[in-house]
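The primary structure of each chain is shown beneath.
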Amino acid sequence: MKWYKNIYIIILIIFGVWMIFFDTNSLLSHYDVNQDKNKLEDDKEYYKNEIAKDKKAIKKLSDEDGLETFAREKYYMKKENEDIYIIEYEDSLKTKNNE
């Protein structure tokens, strides 16, 4: 008896093909869902790290000295009767060669 004449083997092959490719819960859809899950877990770790950095920055800015340092460095603010000199190094300047 040849295997392709056996109805049970033919039904089993059709069932296997159906479950792998066409079913709602096919292996292909499971693979896609697992890839999405892994990407979301990576995003979750990234955002946890960003939240931790932001909390440190907020804690630093809640202090008067930290706020003053931020204002001086970021916005070049100064006190009255105070001069500020900004020193820029040649490699930090934006030119057409290193943009």
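Structure first, text after, so check above.
All residue numbers here refer to positions counted from 1 along the written sequence of the relevant chain. Local features in this predicted model are restricted to residues of pLDDT 70 or higher, and side-chain atom pairs are both shown and tallied only at a pLDDT of 80 or more, whereas totals for entire chains, interfaces and linings draw on every residue. Side-chain measures here rest on the full set of heavy atoms in the structure, leaving out hydrogens and waters.

Draft legend 1. Broad picture of the environment of Arg72. Secondary structure elements follow DSSP: runs of H or I of four or more residues count as helices, runs of E of two or more count as strands, with numbering from the N terminus. For Arg72, the position within the fold is in helix H3 (residues 64-75). Under the scheme applied here, a residue whose accessible area is under 20% of the maximum for its type counts as buried, over 50% as exposed, and between as partly exposed, the area being computed with a 1.4 Å probe on protein chains only. With relative accessibility at 26%, the residue Arg72 sits in the partly exposed group. Every residue pair with non-hydrogen atoms within 4.5 Å of one another is taken to be in contact. Ignoring sequence-local partners within four residues, the contact set of Arg72 consists of Met77, Lys79 and Glu82. Among the polar contacts listed, one links the side chain of Arg72 to the side chain of Glu82, at a separation of 3.1 Å. A 3.5 Å cut-off defines polar contacts: any pair of N or O atoms within that distance qualifies, except that in protein one atom must be a possible hydrogen donor and the other a possible acceptor, and neighbouring residues in sequence count only when both atoms are side-chain atoms.

Draft legend 2. Seen up close, a nonpolar patch on the surface. Patch rule: a residue counts if its relative accessible area is over 30% and it has no salt bridge; like charges are joined within 9 Å, and nonpolar side chains (Val, Leu, Ile, Met, Phe, Trp, Tyr) within 5 Å. Here, Shrake-Rupley sampling with a 1.4 Å probe gives the accessible areas, and only protein chains in the shown set may cover a residue. In the sections that follow, a salt bridge refers to a side-chain nitrogen of Lys or Arg positioned within 4 Å of a carboxyl oxygen of Asp or Glu. Nonpolar side chains collect at one region of the surface, where Ile9, Leu12, Ile13, Phe15, Val17, Trp18, Met19, Ile20, Phe21, Phe22, Leu27 and Leu28 lie side by side and expose about 1200 Å² of accessible area between them. When contributions to the nonpolar patch are tallied by element, the ones reaching two or more residues are helix H1 (7-22) and helix H2 (27-62). The biggest single contributor to the nonpolar patch is H1, with 10 residues. You can see Ile13 is positioned in helix H1.

Draft legend 3. Region of interest: unusual backbone geometry. Backbone geometry at Asn81 places phi at a positive 55°, although glycine is not the residue there. Turning to its location among the elements, Asn81 is positioned in the segment after H3. Exposure remark for Asn81: the relative accessible area of 83% places this residue in the exposed category.

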